[in-house]
Amino acid sequence: MTIDAFLLSRIQFAFTVSFHIVFPAFTIGLSAYVAVLLALWLKTGNPKFHQLARFWTKIFAVSFAMGVVSGIVLSYQFGTNWSRFSTAVGNVIGPLIGYEVLTAFFLEASFLGVMLFGWKRVPPWLHCLSAFIVAGGTALSGFWILSANSWMQFPAGHEVRDGIAYPVDWVQIVFNPTFPLRFAHMMTAAYLTTAFVVLATGARHLLAGKNPETAKTMVRMAILMIALTAPLQALIGDFHGKQTAIYQPAKLAAIEAHWDSSKPGALVLFAWPDEKAELNRFEVSIPGLASLLTHGSMDALFKSLKDFAPQDRPPVAIPFFAFRLMVGIGTLMIVFGWLGAWLWYRGRVFETRYWLRIAQYTWPAGFVALLAGWFVTEVGRQPWLATGVIRSADAVSPVTVMQVAISLALFVCVYSVVFTAGILLINRLIDKGPPEGEAKDPPEQPSKRTLKATQDEASVLFGDGHPGDDKIQPAI
Amino acid sequence: MEWYLPVIWAVLIGTAVMLYVVLDGFDLGIAILFPTTRDEGERDQMMNSVAPFWDGNETWLVLGGGGLWVAFPQAYAIIMPAFYIPIILMLLALIFRGVAFEFRWVAKPHHAKWDLAFWLGSTIAAFAQGLVLGGMIQGIKVENGQFAGGPLDWLTPFTLMCGVGVVCGYALLGATWLVFKTEGPVAERARRQAKTLLIGLMAFAAVVSLWTPYAHPRIAERWFTPSNLLLLWPLPVLTACFGYMAWKRLHGQHEFTPFAFTIGIFLLCFLGLAISNFPYLVPPDLTIWDVAAAPSSHVFVLIGVSFLLPMILFYTAFVYWTFRGKVRADSGYH
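As the structure is a computational prediction, the values presented were derived from the model and not from experiment. (Residues numbered from 1 in each chain as written. Chains lettered and ligands numbered in written order. Predicted model: local features only at pLDDT ≥ 70, side-chain atom pairs only at ≥ 80, totals over all residues.)

1. Some thoughts on the overall build of chain B
- Regarding its fold elements, chain B presents 13 helices and four strands.
- Computed over the C-alpha atoms, the radius of gyration of chain B is 20 Å, within 12% of the 20 Å expected from 2.2 N^0.38 for a compact globule of 334 residues.
- Sorting the 334 residues of chain B into buried and exposed places 54% on the buried side.
- Intrachain contacts of chain B at a sequence separation of at least 6 include 77% that bridge at least 24 residues. (Helix = DSSP H or I, 4+ residues; strand = E, 2+ residues; numbered from the N terminus. Rg over C-alpha atoms; globule rule 2.2 N^0.38 Å. Buried ≥ 20, exposed ≤ 12 C-beta atoms within 10 Å, placed from the backbone. Contact = placed C-beta atoms within 7 Å.)

2. Things to note about the overall build of chain A
- Helices and strands together make up the secondary structure of chain A, namely 14 helices and six strands.
- For chain A, whose C-alpha radius of gyration is 24 Å, the value lies close to the compact-globule estimate of 23 Å for 476 residues.
- Seen through its C-alpha atoms, chain A measures out along the principal axes to roughly 70 × 50 × 40 Å.
- Looking at chain A residue by residue over its 476 residues, the buried ones come to 54%.
- Here the contacts in chain A between residues at least 6 apart in sequence split such that 75% fall between residues at least 24 apart.

3. Focus: the interface of chain A and chain B
- Taken together, the contact between chain A and chain B spans 61 residues of the former and 59 residues of the latter.
- Taken together, the elements giving at least two residues each to the side of chain A that touches chain B come down to helix 2 (47-80), helix 3 (83-117), strand 2 (164-167) and helix 13 (401-432) of chain A.
- Top contributing element to the side of chain A that touches chain B by residue count: helix 3 of chain A, with 22 residues.
- Residue classes in the side of chain A that touches chain B are distributed as 34 nonpolar, 21 polar and six charged. (Nonpolar A, V, L, I, M, F, W, Y, C, P; charged D, E, K, R; others polar.)

4. Let's talk about the pairing of strand 1 (residues 158-161) of chain A
Residues and elements named next belong to chain A.
- Pairing between strand 1 and strand 2: four bridges, direction antiparallel. Within the sheet, the bridge partner assigned to valine 160 lies in strand 2 and is alanine 165.
- What sits between strand 1 and strand 2 in their antiparallel hairpin is a turn of two residues, with aspartate 162 showing a positive phi close to 50 degrees. (Pairing = 2+ DSSP bridges.)

5. Here's the deal with helix 8 (residues 249-256) of chain A
All names here are of chain A.
- Within helix 8, seven of the eight residues are buried, which leaves the element mostly enclosed by the surrounding structure.
- Elements that come into contact with the buried residues of helix 8 comprise helix 7 (212-247), strand 3 (267-274), helix 9 (289-295), helix 10 (317-345) and helix 12 (364-379).
- Phi turns positive, to about 50 degrees, at alanine 257, one or two residues after helix 8.

6. Digging into the confidence of the model for chain A
- Scored by pLDDT, chain A has a mean of 86; 91% of the residues are at 70 or more.
- Across residues 438-476 of chain A the pLDDT falls below 50, and counting only partners more than four positions away or on other chains, this stretch makes 61 contacts in the model. (pLDDT = per-residue confidence, 0-100.)

7. Points about unusual backbone geometry
- The amide bond that connects B:Phe278 to the next residue, B:Pro279, takes the cis arrangement and shows omega of 5 degrees.
- Topologically, B:Pro279 is positioned in the loop between helix 12 (257-277) and strand 3 (280-282).
- Phi at A:Glu278 is positive, roughly 55 degrees, even though this residue is not glycine.
- The phi dihedral of A:Phe282 falls on the positive side, at around 55 degrees, and the residue is not glycine.
- With respect to the helices and strands, A:Phe282 occurs in strand 4 (residues 279-286).
- A count of 8 C-beta atoms within 10 Å places A:Phe282 in the exposed class.

8. Overview of the packing of helix 1 (residues 4-32) of chain B against helix 7 (residues 157-181) of chain B
Residues and elements named next belong to chain B.
- With their axes 6 Å apart at the nearest point, helix 1 and helix 7 run at an angle of 85 degrees to one another. As judged from the angle between their axes, helix 1 and helix 7 are roughly perpendicular. The residues of helix 7 that touch helix 1, namely those facing Val22, Gly25, Phe26, Leu28, Gly29, Ile30 and Ile32, are Val167, Gly169, Tyr170, Ala171, Leu172, Leu173, Gly174, Ala175, Trp177 and Leu178.
- Residues that form the contact of helix 1 with helix 7 fall into these classes: 13 nonpolar, four polar and no charged. (Axes fitted to C-alpha atoms, helices over the stretch in contact; angles between N-to-C directions. Parallel < 35°, antiparallel > 145°, perpendicular 65-115°, else oblique.)

9. Observations regarding helix 1 of chain B
- Taking 1.5 Å per residue, 29 residues should reach 42 Å; helix 1 of chain B reaches 40 Å between its end C-alpha atoms and fits that length.
- Along its length, helix 1 of chain B reaches its greatest deviation from straightness, about 35 degrees, at B:Gly25. (Expected span 1.5 Å × (residues − 1). Bend = angle between axes of the 7 residues up to and from the residue.)

10. Focus on the nonpolar core
- Counting residues in hydrophobic clusters, the biggest one holds 266 residues, and the most contacted among them are A:Val34, A:Trp56, A:Leu199, A:Ile226, B:Phe72 and B:Leu91.
- In terms of residue count, helix 3 of chain A provides more of this core than any other element does, 21 residues in total.
- Setting aside chain neighbours within four positions, we find B:Phe72 in contact with B:Leu281, B:Ile288, B:Val291, B:Ala292 and B:Ala293. (Core = buried A, V, L, I, M, F, W, Y, C linked by C-beta atoms within 7 Å.)

11. Things to note about the environment of A:Val17
- Tracing the backbone through its elements, the reader meets A:Val17 in helix 1 (residues 5-44).
- Along the primary structure A:Val17 and A:Trp374 are separated by 357 residues, whereas in three dimensions their C-alpha atoms are 9.8 Å apart.

12. Things to note about the packing of helix 3 (residues 54-71) of chain B against helix 13 (residues 295-322) of chain B
Residue and element names in this part refer to chain B.
- Direction vectors running N to C along helix 3 and helix 13 enclose 170 degrees, while the axes themselves pass 13 Å from each other. Comparing their axes, helix 13 and helix 3 come out roughly antiparallel. On helix 13, the residues that touch Gly56, Val70 and Ala71 of helix 3 are Ser297, His298, Val301, Thr316 and Val319.
- Looking at the contact of helix 3 with helix 13, its residues break down into four nonpolar, four polar and no charged.

13. Structural notes on the confidence of the model for chain B
- Predicted confidence across chain B gives a mean pLDDT of 89, with 98% of residues reaching 70 or more.
- Prediction confidence for the complex, expressed as pTM and ipTM, is 0.87 and 0.87 respectively.

14. Quick notes on the environment of A:Phe60
- You can see A:Phe60 is positioned in helix 2.
- Contact partners of A:Phe60, with chain neighbours within four places excluded, come to A:Thr27, A:Leu30, A:Ser31 and A:Val34.

Rendered as structure tokens:
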């Protein structure tokens, strides 16, 4: 492997996109959560929902800022580092990104201002609506970017002339075959990831004896979300895997480390895939189970890695291990979520300290699983950048290795500093928790009050929605 | 190919870039002016005056970049590698200033480093945008539809001057915005600063207007061919008038008009640059027709643009209206 602009550009893209994806995934989930909290507040008038909404909005603001700035980097990197890709698929993917900006980015960015700073400026219903619009915007953004990504995985609705893809049928392009399940998988991942952050926060506050009322609400809402979405995610993942068998057999073979298509695929629990020798070392596997899971029969034969020329195979180790990491975490999520639901059902969840102690450390679970899944699907797509249209190696910009080396070094430095600071600041906000003491003097149901009174009261109780004005809140 | 589709798209992207320059210009500008006060309350007030808008403003940059890829993929694929270093520099700088908006408040009272990040990030981003602007004007070396120049082709005295010019121009937009949106010491200081910055921007515009036709015969020809000159002479005259009006208004008690006239100056300068270069998108070789996307791609997004853009403008206006009025030192928006 030589160090050239191609390799460094790949590392740079993997690095910047991995950092980026964490934040949108979290903000997709968190904006929806805040919107739901605000709606519950409007409906019930219970002040704890308002407290929680204020609390999570602050965290949302910090996360969203990090998502925005790391996202702008990506939209320019297609050009700076992958200019030949931009030319080859620009006719098809460009419009999808264009629609993402037009339908989602402006919506999120504009109503974010109302959501963050509009607590006293607009009526509660409009503020709540703004939160829903932001949540919808983030999901819409996911829609377009996953459409583009899925098109790269399995292009459709296009024709290639002189190495450049031209659109033929836009419906087929946008709703390309692997898109619906991939979108469902990613959205569920975002909500599940966020649910674990909420759960961990609630558990942490409960164990610290901090504002138990809101902490309990967080734990209950998170358990409900996890108990429902974790199994749902497994189901979607299963469908997604079966679909991968149809559309991306090389990726599936890499995930299963399946070398020999004359035998049914075994479910490899552990192995060290040796790509040179084209076999698995130290393999522990269950015969036929991979065939059953992907093709519905223990005896089904499916394409193995050896059915693809070496230059057409994806790397094996990364998809193989990342997939097991993802599925492993996913399984633990289901177990842990249902255990929580059972404890809740028995009325013991807030007394079961071992469960809460584990729960407070579960916040990274979703992020790790999400990144692992991302690596499975993106590395598994190699050596193609857009399958059958352009290979990664042919897509790189005519830039010098020195330029990319410098930019990569700068990205690593800047991201380390900025995102470490961001995560520490989020931790600080979480630690601080929602301001206590409000429950003594809760605002009444907003709909029964005049707007002015609600606003004044809310401002006395909750500060002004801006992190900087904590000084007027009751001391903790 | 339908000849008019690339023209429509050139106008659209030009509009997006122009909106970006004006909108993000003033919020980058207030950050450029950040070190001119040490008072924390005043800095809060300055930042609060743009806090609800900055994210929406910056989205126009994404639309500019994304739109270029949508409509002119080949131009995108040439321009981005050609300005690799300034663009990466701009992106990194925007990271610092973008997160500073949120981090600064959470980090209080230990926020000095985020004040620095806010100022430095915004200034470098503005400077880098000036480098790209200058680099576009001076042209890009292209062979076989690919960027064929060196990594530092963009680094010339002209582009450095453009960098300084853009920083100065954004700072002027920021200062006049503060005159418009704040009161008290912040507004008074901004009014004083705006006068100096206005002189700076007008000087920069004058130098570019003389330097570019001198250095590039095609630009000289565009402007000084008698038939063209007859048509185009009002443009520089109007720019000078706007400058004079802004100057007069800054000396009076006007609050909004200095900002409005500054925007006018920016619009006219932008129009001037467009006239200098049309129909070249990648000067000196490639026109908008050479680098256009497939007509089907143009039409597909244009359908969306025709109703989404008015919607975007509508709710952008709604947000500005929601946060109308002065940002005071004591209360801000709160």
